[in-house]
Amino acid sequence: MQTHISTTPFGRRPMTLGHIARQTAAKAVAPDAVAHKWRVFQHIREARELIGATDRSLSILNALLTFHPETALTGDAELIVWPSNEQLMARANGMPATTLRRHLAVLVDCGLIIRRDSPNGKRFARRGRGGEVEQAYGFDLSPIVARCEEFRDLAQAVQTEKKAFRVAKERVTLLRRDIVKMIQTGIEESVPGNWGRVTQAYQGIIDRLPRSAPQQLVENIAQELQELCAEIREVLESFTKTMNLDANESHSGGHIQNSEPNSKFESEFGYREKNEAGASAAETDNVRSLPKRELPLGVVLDACPEVCELAQGGIIRHWRDLLAAADLARPMLGISPSAWREARETMGEQHAAITLASIYQRASQINNAGGYLRSLTDRAKEGKFSTWPMVMALLRAKLDEQRNAASAGKPRMYEESEDDSRVHVSESLLKSLQKPRSW
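Here, residues in each chain are numbered from 1, in the same order as that chain's written sequence. Only residues with pLDDT of 70 or above have their local features reported here, since the model is predicted, and side-chain atom pairs are shown and tallied only from 80 upward, although totals for entire chains, interfaces and linings are computed over all residues. To obtain the side-chain values, all non-hydrogen atoms of the structure were used and water was disregarded.

Glancing now at helix H4 (residues 55–66). For H4, which comprises 12 residues, the first-to-last C-alpha distance of 17 Å matches the rise-based estimate of 16 Å (1.5 Å per residue) to within 8%. Buried means the residue's accessible area, taken with a 1.4 Å probe over protein chains only, is under 20% of the maximum for its type, while exposed means over 50%, and partly exposed covers the values in between. We count a stretch as a helix when DSSP gives it H or I for four or more residues in a row; a strand needs E for two or more, and each element gets its number in order from the N terminus. By the burial criterion, the buried members of H4 are Ser-57, Leu-58, Ile-60, Leu-61, Ala-63, Leu-64 and Leu-65. To estimate how far a helix should reach, multiply one less than its number of residues by 1.5 Å.

Laid out in structure tokens, this is it:
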């Protein structure tokens, strides 16, 4: 293959060191190198932004490739084509001459073609007696062969990036759908939480996403939505775990089955050996003798009315509402997350919430709520603790206070009379209230 570096005639763009480097690389192409020109052109078209080419310049490159008769371009073949400007304009869909010259320069600057100019700047081929081309002046297509692997790698990189971009956009779409559905579920199911703030946080993230966003921004938005989605999902899953309702709870708040019927503080009541002495033995016997039914939610709230202030709207309707309020009371009492987690694992969600509500009710009388909860948890592990006597003690103290106020002729406040109307104590419950206090 005959190649040479020519100087630029007057009026043409000057040659740069980049042009010389690309011409040198084209001359170094291996003689046995083969490139399918249309496959390489497809790679160039896909990676045109990385290469620096434009759509108009590629239409000219496409026209130049049509002037070479072979589909497979080889390193040892003559790869110079010499069409006139009129021929190129015709095959480039009637492109104007000024536009043609401008985009030919783009192809040269991108290293896709090399100019092989004649002394007078004309493009032509000199043939021998047998009709073979001895010398040609025009556009050298050898970079198509020399850089075919480079163009293929660039096209693969572009495809990989496009795929990642598409995946990121799909991820954003799915996360938006899931977050909206979960927010609606949280509101409709009355899940404790500041859903207004969550909605505002979601809207703030989405507002930063324009109609046409770059890939990096889409990936950042997807990451923020993923974190928000994980937070909402954790709230809903925690709420689902705390639901411990039977079919009749929504009607009367009556008997609630324990979510952990085989928990330690119940199953060990009838199986511990009576080897404790003094107060420990009395406490253990007292726990064993307790009724085997659960505490009604209404009784717990009568004994611990202050925990209702932490509930959403100031009302606790279900056990899950009590647990949510207990979660809020926990840091206010200075109880560590590990102590609260251990209490829930040992006592069960429902009884741990009752215990914390009782501690919150007596917060002014307890110096170290965290240590107190851990002590009760340890006793529950040994089968020496139950929430029943704790709640009964609070109710008994409340009734004693009301009786003392009535006997002293002290006027009762509206809140006290309202609370009294809420307390419905049966004869069996009154008997149990006479038992010694045992926390």
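Here we take up the packing of helix H16 (residues 337–347) against helix H18 (residues 369–381). One way to put it is that H16 packs onto H18 with a least axis distance of 9 Å and a crossing angle of 25°. In terms of their interaxial angle, H16 and H18 are classed as roughly parallel. Between H16 and H18 the crossing geometry is left-handed. Within the contact between the two elements, H16 uses Ser-338, Ala-339, Trp-340, Glu-342, Ala-343, Thr-346 and Met-347 and H18 uses Leu-373, Arg-374, Leu-376, Thr-377, Asp-378, Ala-380 and Lys-381. The convention used is that axes are lines fitted to C-alpha atoms, helices contributing only their stretch in contact, and that angles between N-to-C directions extend from 0 to 180 degrees. By the definition adopted for this analysis, an angle is roughly parallel if under 35 degrees, roughly antiparallel if over 145, roughly perpendicular if from 65 to 115, and oblique otherwise. Helix crossings are classified by the rotation of the near helix relative to the far one: an anticlockwise turn of less than a right angle makes the crossing left-handed, while a clockwise turn makes it right-handed. We call two residues in contact whenever any of their non-hydrogen atoms come within 4.5 Å of each other.

What follows deals with the pairing of strand S5 (residues 124–127). In this sheet, strand S6 (residues 133–140) lies alongside S5 in antiparallel orientation, the contact comprising four bridges. When the sheet's bridge partners are listed, Ala-125 is paired in S6 with Ala-136. Where S5 folds back onto S6 in an antiparallel hairpin, the turn is made up of five residues, including Gly-131, whose phi is positive at roughly 90°. A pair of strands is considered paired only if DSSP assigns at least 2 bridges between the two.

Moving on, we come to the confidence of the model for the protein. Across the protein, the average pLDDT comes to 76, with 74% of residues at or above 70. One confidence number per residue, pLDDT, is output by the predictor and ranges from 0 to 100. Per-residue pLDDT, averaged within each element of the protein, yields its smallest value for helix H12 (residues 264–267) (30) and its largest for helix H2 (residues 37–46) (93). Of the regions scoring below 50 in pLDDT, residues 410–439 engages in 46 contacts with residues more than four places distant in sequence or in other chains.

In this section: the pairing of S6. The element S6 is largely enclosed, with a buried count of six among its eight residues. Here strand S3 (residues 80–81) pairs with S6 via two bridges, running antiparallel. Bridge pairing in S6 places Val-81 opposite Phe-139. Bridge analysis of strand S4 (residues 114–116) against S6 gives three bridges, and the strand direction is antiparallel. Looking at S6, one finds that Arg-115 is bridged to Phe-139.

Moving on, we come to a negative patch on the surface. A patch consists of residues exposed above 30% relative accessible area that lack any salt bridge, with like charges linked at up to 9 Å and nonpolar side chains (Val, Leu, Ile, Met, Phe, Trp, Tyr) linked at up to 5 Å. Only the protein chains shown count as cover for residues, and all accessible areas are computed by the Shrake-Rupley method using a 1.4 Å probe. What counts as a salt bridge is simple: a side-chain nitrogen of Lys or Arg found within 4 Å of a carboxyl oxygen of Asp or Glu. A positive count includes Lys and Arg, and a negative count includes Asp and Glu. His and the chain ends are not counted in either. Note that the charge is assigned to NZ on lysines, CZ on arginines, CG on aspartates and CD on glutamates. Together, Glu-227, Glu-231, Glu-234 and Glu-237 line one region of the surface with negative charge. Classification of Glu-227 as partly exposed rests on a relative accessible area of 44%.

Turning our attention to unusual backbone geometry. Negative phi characterises most residues that are not glycine, and trans characterises most peptide bonds. Despite not being glycine, Asn-93 shows a phi value in the positive range, around 60°. Accessibility expressed as a relative area gives 74% for Asn-93, which makes it exposed.

Further remarks concern the nonpolar core. To define a nonpolar core, start from buried Ala, Val, Leu, Ile, Met, Phe, Trp, Tyr and Cys residues and group those joined through side-chain atoms within 4.5 Å. Residues Ile-316, Leu-322 and Trp-340 are the most contacted members of the largest nonpolar core, which totals 44 residues. Breaking this core down by element, the ones donating at least two residues are helix H14 (297–303), helix H15 (319–332), H16, helix H17 (349–361), H18 and helix H19 (387–407). Core analysis: the next-biggest nonpolar cluster, separate from the first, contains 36 residues, Ala-33, Val-81, Met-95 and Leu-112 among them.

Mapped onto the elements of the fold, Arg-176 is located in helix H8 (residues 148–188). The class for Arg-176 is partly exposed, based on a relative accessible area of 33%. Placed 46 residues apart in sequence, Arg-176 and Ala-222 show a C-alpha to C-alpha distance of 9.2 Å. For Arg-176, the residues in contact, after removing those within four places along its chain, are Tyr-202, Ile-206 and Leu-225.

Once that is clear, we can look at helix H9 (residues 195–207). In this model, H9 (13 residues) spans 18 Å end to end at C-alpha, consistent with the 18 Å of a helix rising 1.5 Å per residue. Burial in H9 covers these residues: Trp-195, Val-198, Tyr-202, Ile-205 and Ile-206. Each buried residue of H9 lies within a common arc of 100° when the element is viewed along its axis, so the set occupies one face. Along H9, the residues that are exposed and aim more than 90 degrees away from the buried face are Gln-200 and Asp-207. Each direction from the helix axis to a C-beta atom contributes to the arc, which is the arc of those directions.

What follows covers the environment of Met-95. Tracing the backbone through its elements, the reader meets Met-95 in the loop between helix H5 (85–91) and helix H6 (97–109). With residues up to four places along the chain from it excluded, the contact list for Met-95 reads Arg-56, Ser-59, Ile-60, Met-89 and Leu-100.

In this scheme Phe, Tyr and Trp rings, the latter by its six-membered ring, pair at centre separations within 6.5 Å, and the angle between planes marks the pair as stacked below 30 degrees, edge-to-face above 60, and tilted otherwise. Going through the model one piece at a time under the given rule, you end up with one aromatic pair. Here the aromatic rings of Trp-38 and Phe-41 are separated by 6.2 Å at their centres, their planes lie at 85°, and the arrangement is edge-to-face. Taken together, the residues span about one helical turn, with Trp-38 and Phe-41 both in helix H2 at a distance of three residues. Of the residues examined, Trp-38 reaches a relative accessible area of 31% and is grouped as partly exposed. Here Phe-41 falls in the buried class, since its relative accessible area comes to 12%. Only when the NZ atom of a Lys or the CZ atom of an Arg is both within 6 Å of the ring centre and within 35 degrees of the ring normal do we say a charge sits over the ring. Taking NZ or CZ as reference, Arg-91 lies 3.8 Å from the ring centre of Phe-67, over its face. Residue placement shows Lys-169 over the ring face of Phe-165; its charged tip is 4.7 Å from the ring centre.

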